[in-house]
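Structural description and commentary
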Amino acid sequence: MEGRDEDDDVPQLSAHTLAALQEFYAEQEQRESLKSGPEYDQFSVGAVEEDWQLSQFWYDDETALRLAKEALEASGENGRIACVSAPSTYQKLKGLAGDNVSISLLEYDRRFSVYGDDFVFYDYNNPLDLSDRLQPHSYDIVLADPPYLSEECLSKTAETIRYLAKGKILLCTGAVMEDLVKKILGLKMCKFIPRHTRSLANEFRCYSNYETGLDS
Ligand SMILES: C[S@@+](CC[C@H](N)C(=O)[O-])C[C@H]1O[C@@H](n2cnc3c(N)ncnc32)[C@H](O)[C@@H]1O
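Notes on the structure in this doc start here. Model, not experiment: these values are computed from the prediction.

Moving on, we come to the overall build of the protein. The secondary structure content of the protein amounts to five helices and seven strands. The order of α-helices and β-strands along the protein, N terminus first, is α-α-β-α-β-β-β-α-β-α-β-β. Considering the protein as a whole, with its 216 residues, one finds that 31% of them fall into the buried category. Here the analysis covers contacts within the protein between residues at least 6 apart in sequence; of these, 60% occur between residues at least 24 apart.

What follows covers the packing of helix α2 (residues 61-75) against helix α3 (residues 87-96). Orientation of α2 relative to α3, taken along the N-to-C sense of each, is 65°, at an axis distance of 8 Å. Judged on the interaxial angle alone, α3 and α2 are roughly perpendicular. In this structure, α2 crosses over α3, and the sense of that crossing is right-handed. On α3, the residues touching Ala 64, Leu 65, Leu 67, Ala 68, Lys 69, Ala 71 and Leu 72 of α2 are Ser 88, Thr 89, Lys 92, Leu 93 and Leu 96. Of the residues contributing to the contact of α2 with α3, the split by class is eight nonpolar, two polar and two charged.

This paragraph deals with the site of the ligand. Around the ligand, the structure places 20 residues, and the nearest of them are Ser 85, Ser 88, Tyr 108, Asp 145 and Pro 147. Looking at the shell around the ligand, its residues break down into 10 nonpolar, six polar and four charged.

In terms of burial, strand β4 (residues 139-144) is largely enclosed, as six of its six residues are buried. Across four bridges, strand β1 (residues 80-84) lies against β4 in parallel orientation. Considered in β4, the bridge of Cys 83 is made with Leu 143. Pairing of β4 with strand β5 (residues 165-174), which is carried by five bridges, proceeds in the parallel orientation. If you follow Ile 141 over to β5, its bridge partner there is Lys 168. Note that the unit made of β4, helix α4 (residues 151-164) and β5 has a crossover that is right-handed.

If you walk across this open sheet you meet the seven strands as β3-β2-β1-β4-β5-β7-β6, and the pairing is mixed. Sheet topology places β3 (119-121) and β6 (188-189) at the edges, where each strand pairs with a single neighbour. As judged from the two bridges shared by β6 and strand β7 (residues 204-208), these two strands associate in the antiparallel manner. Within the sheet, the bridge partner assigned to Met 189 lies in β7 and is Tyr 207.

Moving on: α4. With 14 residues, α4 extends 20 Å between its outermost C-alpha atoms, agreeing within 8% with the 20 Å of an ideal straight helix rising 1.5 Å per residue. Those residues of α4 lying buried are Leu 154, Thr 157, Ala 158, Thr 160, Ile 161 and Leu 164. The buried residues of α4 occupy an angular sector of 165° when the element is viewed end-on, so they sit on one face. Counted as exposed and oriented over 90 degrees from the buried face of α4: Glu 151 and Glu 152.

By the secondary structure assignment, Lys 191 is in the loop between β6 and β7. Given 10 C-beta atoms within a 10 Å radius, Lys 191 is considered exposed. Expressed as a C-alpha distance, the spacing of Lys 191 and Leu 214, which sit 23 residues apart in the sequence, is 6.3 Å. Sequence-distant contacts of Lys 191, that is, excluding residues within four places in its chain, are made with Leu 214 and Asp 215.

Turning our eyes to something else, we now look at the nonpolar core. Cys 83, Val 84, Val 142 and Leu 143 are the most contacted members of the largest nonpolar core, which has 44 residues in total. With sequence-adjacent residues up to four places away left out, Val 84 is seen in contact with Leu 106, Tyr 122, Val 142, Leu 143, Ala 144, Thr 157, Thr 160 and Ile 161.

With respect to the element layout, Ser 104 can be found in strand β2 (residues 102-107). Along the backbone, Ser 104 and Arg 80 are 24 residues apart, and their C-alpha atoms lie at a distance of 8.1 Å. Discounting residues that sit within four places of it in the chain, Ser 104 has contacts with Ala 82, Cys 83, Asp 118 and Val 120.

To continue, consider the environment of Leu 171. Tracing the backbone shows Leu 171 in strand β5. Between the alpha carbons of Leu 171 and Ala 86 there is a distance of 9.6 Å; along the sequence they are 85 residues apart. Leu 171 has contacts with Ala 144, Val 181, Leu 185, Leu 187 and Tyr 207, leaving out every residue within four places of it along the chain.

Analysis parameters
Starting from 1, residues in each chain are numbered consecutively following that chain's sequence as written. Per-residue local features are limited, in this predicted model, to residues with pLDDT of at least 70; the limit for side-chain atom pairs, both in listing and counting, is 80 or more; totals at the level of whole chains, interfaces and linings are taken over all residues. Counting from the N terminus, the helices are the DSSP runs of H or I reaching at least four residues and the strands are the DSSP runs of E reaching at least two. Exposure classes come from backbone-placed C-beta atoms, where a residue is buried if 20 or more other C-beta atoms lie within 10 Å of its own, exposed if 12 or fewer do, and partly exposed in between. Throughout, a residue-residue contact means that the two C-beta atoms, derived from backbone geometry, are no farther apart than 7 Å. Structural elements are reduced to axes, namely lines fitted to C-alpha atoms, with helices fitted over the stretch in contact, and the angle between N-to-C directions of any two is expressed from 0 to 180 degrees. Small angles under 35 degrees read as roughly parallel and large ones over 145 as roughly antiparallel, with 65 to 115 read as roughly perpendicular and the rest as oblique. The hand of a helix crossing depends on one turn: near helix anticlockwise from the far one by less than a right angle means left-handed, and clockwise means right-handed. Ten residue types, Ala, Val, Leu, Ile, Met, Phe, Trp, Tyr, Cys and Pro, are classed as nonpolar, four, Asp, Glu, Lys and Arg, as charged, and the remainder, Gly among them, as polar. The criterion for a residue being near a molecule or strand is simple: its C-beta atom, placed using the backbone, must lie within 6 Å of it. DSSP bridges decide pairing: two strands pair if at least two such bridges lie between them. When the strands point away from the viewer and the path from the first strand over the helix to the second turns clockwise, the crossover is right-handed. Residue count minus one, scaled by 1.5 Å, sets the expected span of a helix. Regarding the arc, it is the one traced by the directions from the helix axis to the C-beta atoms. Connectivity within a nonpolar core runs through C-beta atoms within 7 Å, and the core itself is a set of buried Ala, Val, Leu, Ile, Met, Phe, Trp, Tyr and Cys residues.

Shown next as structure tokens:
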């Protein structure tokens, strides 16, 4: 078209947006470079960054530690622990547990496959479509934190939990889910309040079906 500059069609970023973008990439580069350093611990909480598209909100360190200690205590010697959609607890457990404890992480996010055979791909939409490695009723405790606060997500995750658990269940989800958690899984709310690294709009709670140390 006459008198029209070809560059008119190229979208332009404002100086402010460009600066923010450059800062983001610089921070990302710095985080990536830390991963190859000697101090890097692949089991530290937050080693895999939150992806909000996947409803990922990590516990703060104290919460992950408290849940991991509870799971260890409840599973006993040579215990078997399943973490369902709860990677921070898995990571904390790896730092605490001895070789006699077996820990599985069922997760949708394949970045966690860095944890080798402990990682099992899991999509709550297909709750019983699980690896043959997972035998029914073979875990001393199942700890879960489903991605969404909906009856559908809870019911489907509950199918997986029931399949895996010998008996003990520890669930973290919204306080608003209390009645459904009781109806679907028969769990009761604990006193302990889980916290996250970022403040969330929804209040969170832990629920269990056994006497936990989370009530003291
Ligand atoms: C609310 S977060 C719970 C994380 C927990 N607070 C922690 O710190 O470990 C929900 C988890 O569900 C996982 N998730 C997302 N989509 C999923 C799906 N379709 N099936 C199973 N898990 C899923 C996310 O990757 C995330 O780890």
